[in-house]
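# Commentary on secondary and tertiary structure
These are the residues of each chain, in order.
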Amino acid sequence: MNFAFQCLNHNDVQPEYIVLNSSLSDQERILCEKCWKISKWKSNAISQKDAIFRIESKQNEVKNDIQNQTNTLNKIVEQVKNLLNQLNFYYGSLISQIENWKEDLTKMTFKDNENNSQFFLQELDRINQKQMLSKEKQFYETNRAYLLKMIHGFNTNDFRKKLEELQKILVKLFKETKIKVPEYNIKLKKINQIKQDSCCLSLVFNQFNTLMISTKLHQIQIWSFDKGIINLKQILDVHTKWVNCLVYSKKIDAFISGSDDSTIVITKLVNEKWVSSKPFHRHQMEVYCLLLNQEEDLLFSGSCDKSIIVWKLDFQKNQLEFHYQLDKHKNSIYSLSLNQKENILISCANQKDQIIVWGKEEKEDKLTFKYIVKQKDSKNLYGKKIFFLSDNRFLWVTANDGVDKIFIFESTKGVFEENKEKTIELVQNQEIEDQFEFPIIEINQNKIILVRHKNQIHFLQDQGNGKLVKIYCMQCLTKNTYGSLTSKGEFLVYWDNDILGYQIYEVNYT
Ligand SMILES: [Zn+2]
């Protein structure tokens, strides 16, 4: 491979390093040794040699795949040709038998010399004695002989076997051919950057992507959002300590916030004014995560006090009412997810063996503890993010330092179990733990799942059957990266403590 790359600052030296961050410009990504040493992307750059090796080994893999597939197809052509030859032979000999049969019948002409008087009398006697005429006898014998030959020579079982052989060949081809759903190609373009020195832990958009709600320590900020351009409209002081989580209604302009002050507040747009409820106080400690059901009449909150509270929610009245409480976790609850049918809630806490399944029967009003998920490879690990992919499948992201994986759990016979074959390896990062903030987002229309893990933002695509593929990885400079995607995934916005502000990206899917 040959490159015409040059370091942006030094065009007289050979460039040595390439930054693995496609959101930078092409020039910014090529570094010489000198520039690499002082680059903030130092740890996310690889040597040119390594880059060539990576591309070439992947290309070789594809080359091998193509070669193997071509060989397989050649073999199949030979097998089918062989079957065709055998069938041709059968049909061919069938035709020649029939031709012979016809010829034998044609030869049976009634010749003049057989019409002498002796022969004439013999035939008359045969008729009289109700016997066959000699030609008649010959005709029946010929037919019988050919039919017998054909029945023995052409076994229909043979034909069936040949067709079955063909079917087997094709089934094998379907099984062994590598197929993947076409993956999206994702391009991120940075379009804006807004300063905010104080930390934002949570960020959400309204359903039409015209409003963005973010936090600033204990405050909540309301921004207008127009295709990536944000303008601060209002600041709300409804909490006394840091706000950890926000959820926005999919039905009306209203959102709910959870805070370190252990309260939950509903804020709603009434006559173009934002009106907040009183703080609802039931948790004993910090509120870490919030979840709405589809009807938006129930709110689930997870807390540092190890409990999940289920609230009756009334957006019209800006009202929360304690419904019931789920106690079984032994540590802070960081993540909650409901399945589509909403008869199963899963939750995870900051400790090993803390993925819990809560469920209810159709006529039951309340969820109850079902079981702690038995983990295999992921046992002894803990995670801070959990998410239902479908009614019988969820993912769980590890948070430990040194372990970087997404595990898929599937329910067969009603019990969730780890499916080892679907585990996803993320970029190894020994030094840091994952933060629970920046919860998982699913963009339904193109089956994109967004997972911020440590200092990376992964765009995953669900290929069906819970097979997730990594299609894009955004490398951030810090694990303190908190943000969200707009509802159709067109914009990614996050606050990070590297630039101390919001970075706004346009996301293109092709
Ligand atoms: Zn340089």
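Under an unreviewed UniProt entry, the name given to the protein chain is WD40-repeat-containing domain, and the source organism is Paramecium sonneborni.

## Notes on the overall build of the protein chain
Helices and strands together make up the secondary structure of the protein chain, namely five helices and 33 strands. Principal axes of the C-alpha set define a box for the protein chain whose edges measure 135 × 75 × 45 Å. The buried share of the protein chain, taken over its 510 residues, is 30%. In the protein chain, 49% of the contacts between residues at least 6 apart in sequence involve partners at least 24 apart.

## Focus on the packing of helix α2 (residues 48-107) against helix α5 (residues 156-176)
In a pair of packed helices, the angle between the axes and the distance between the axes together describe the arrangement. The contact between α2 and α5 brings their axes to 10 Å, and the two run at 170°. For the element pair α2 / α5, the angle class is roughly antiparallel. Along its contact with α2, which presents Thr-72, Ile-76, Gln-79, Val-80, Leu-83, Gln-86 and Leu-87, the element α5 presents Lys-162, Glu-165, Leu-166, Ile-169, Leu-173 and Glu-176. When the residues that make up the contact of α2 with α5 are grouped by side-chain class, the tally is seven nonpolar, three polar and three charged.

## Some details on helix α3 (residues 117-128)
Between its terminal C-alpha atoms α3 stretches 16 Å, which fits the 16 Å expected from 12 residues at 1.5 Å a residue. Buried residues are scarce in α3, accounting for zero of its 12 residues. Where α3 terminates, the next one or two residues include Lys-130, which has phi positive at roughly 55°.

## Some points on the packing of α2 against helix α4 (residues 134-153)
The geometry of α2 relative to α4 is characterised by a closest axis approach of 10 Å and an angle of 175° between their N-to-C directions. Taken together, the axes of α2 and α4 are roughly antiparallel relative to one another. The residues of α4 that touch α2, namely those facing Gln-97, Trp-101, Asp-104 and Leu-105, are Thr-142, Tyr-146, Lys-149 and Met-150. Its residues placed into classes, the contact of α2 with α4 shows four nonpolar, two polar and two charged.

## Remarks on the UniProt feature "coiled-coil region" (unreviewed entry) in the protein chain
As annotated by UniProt and renumbered to match this structure, "coiled-coil region" (unreviewed entry) occupies residues 59-86. The annotated region residues 59-86 carries 100% helix and 0% strand content, and the separation between its end C-alpha atoms amounts to 41 Å.

## Some points on the pairing of strand β22 (residues 383-390)
Within a regular beta strand, the side chains point alternately toward one face of the sheet and then the other, so they alternate between its two faces. A large share of β22 lies buried, amounting to seven of its eight residues. From the end of β22 to the start of strand β23 (residues 393-398), which pair antiparallel, there are two residues.

## Some words on the pairing of strand β14 (residues 287-292)
Most of β14 sits inside the fold, with five of its six residues counted as buried. Hairpin remark: β14 followed by strand β15 (residues 298-303), antiparallel, with five residues in the connecting loop; positive phi at Glu-296, about 60°.

## Regarding the sheet that holds strand β28 (residues 448-453)
Pairing is antiparallel across the open sheet formed by four strands, whose spatial order is β27-β28-β29-β30. At either end of the open sheet lies a strand with only one pairing partner, and these are β27 (441-443) and β30 (468-475). Sheet twist, expressed as the mean angle between neighbouring strand axes with direction ignored, is 25°. Strand direction decides the pairing type here: β27 and β28, joined by three bridges, are antiparallel. Note that in β28 the partner of Ile-443 across the bridge is Ile-448.

## Things to note about unusual backbone geometry
Its identity as a non-glycine residue notwithstanding, Leu-217 has a phi of 55°, on the positive side. Checked against the element boundaries, Leu-217 lands in the loop between β6 (211-216) and β7 (219-226).

## Description of the environment of Tyr-502
You can see Tyr-502 is positioned in strand β33 (residues 501-509). Here Tyr-502 is in contact with Gln-193, Ile-194, Gln-196, Val-493, Tyr-494 and Trp-495, once residues within four sequence places are set aside.

## Some details on the sheet that holds strand β5 (residues 203-205)
Pairing is antiparallel across the open sheet formed by four strands, whose spatial order is β5-β6-β7-β8. This sheet does not close on itself; its edge strands, each paired only once, are β5 and β8 (229-236). Across the sheet, the axes of successive neighbouring strands diverge by a mean angle of 25°, strand direction being ignored.

## Some thoughts on the UniProt feature "repeat: WD" (unreviewed entry) in the protein chain
Per the UniProt record, "repeat: WD" (unreviewed entry) is found at residues 280-314. Secondary structure across residues 280-314 divides into 0% helix and 63% strand, with the first and last C-alpha atoms of the span separated by 13 Å.

## Brief notes about the environment of Gln-316
In this fold, Gln-316 is placed in the loop between β16 (307-314) and β17 (319-327). A residue is classified by how many C-beta atoms lie within 10 Å of it, and Gln-316, with 9 of them, is exposed. When the C-alpha atoms of Gln-316 and Ile-266 are compared, they prove to be 11 Å apart, with 50 residues separating the residues in sequence.

## Some points on the nonpolar core
Nonpolar side chains tend toward joint burial in soluble globular proteins. Residues Tyr-288, Cys-289, Ile-346, Phe-394, Leu-395, Trp-396 and Val-493 are the most contacted members of the largest nonpolar core, which totals 91 residues. Counting the residues that make up this core, at least three belong to each of domain 2 (180-200 + 437-510) and domain 3 (201-434). With residues near it in sequence (within four places) discarded, Leu-395 still touches Phe-387, Leu-389, Ile-406, Phe-407 and Ile-408. Of all hydrophobic cores here, the second largest spans eight residues; its members include Cys-7, Ile-18, Ile-30 and Ala-45.

## Some thoughts on the environment of Cys-7
Structurally, Cys-7 can be placed in the segment before β1 (17-19). Given 20 C-beta atoms within 10 Å, Cys-7 falls into the buried group. It is 8.5 Å that separates the C-alpha atoms of Cys-7 and Arg-29, two residues lying 22 residues apart in sequence.

Conventions we followed
- Residues numbered from 1 in each chain as written.
- Predicted model: local features only at pLDDT ≥ 70, side-chain atom pairs only at ≥ 80, totals over all residues.
- Helix = DSSP H or I, 4+ residues; strand = E, 2+ residues; numbered from the N terminus.
- Buried ≥ 20, exposed ≤ 12 C-beta atoms within 10 Å, placed from the backbone.
- Contact = placed C-beta atoms within 7 Å.
- Axes fitted to C-alpha atoms, helices over the stretch in contact; angles between N-to-C directions.
- Parallel < 35°, antiparallel > 145°, perpendicular 65-115°, else oblique.
- Nonpolar A, V, L, I, M, F, W, Y, C, P; charged D, E, K, R; others polar.
- Expected span 1.5 Å × (residues − 1).
- UniProt positions renumbered as here; feature names shortened; annotations may be inferred.
- Pairing = 2+ DSSP bridges.
- Core = buried A, V, L, I, M, F, W, Y, C linked by C-beta atoms within 7 Å.
- Domains from an automatic or database assignment.

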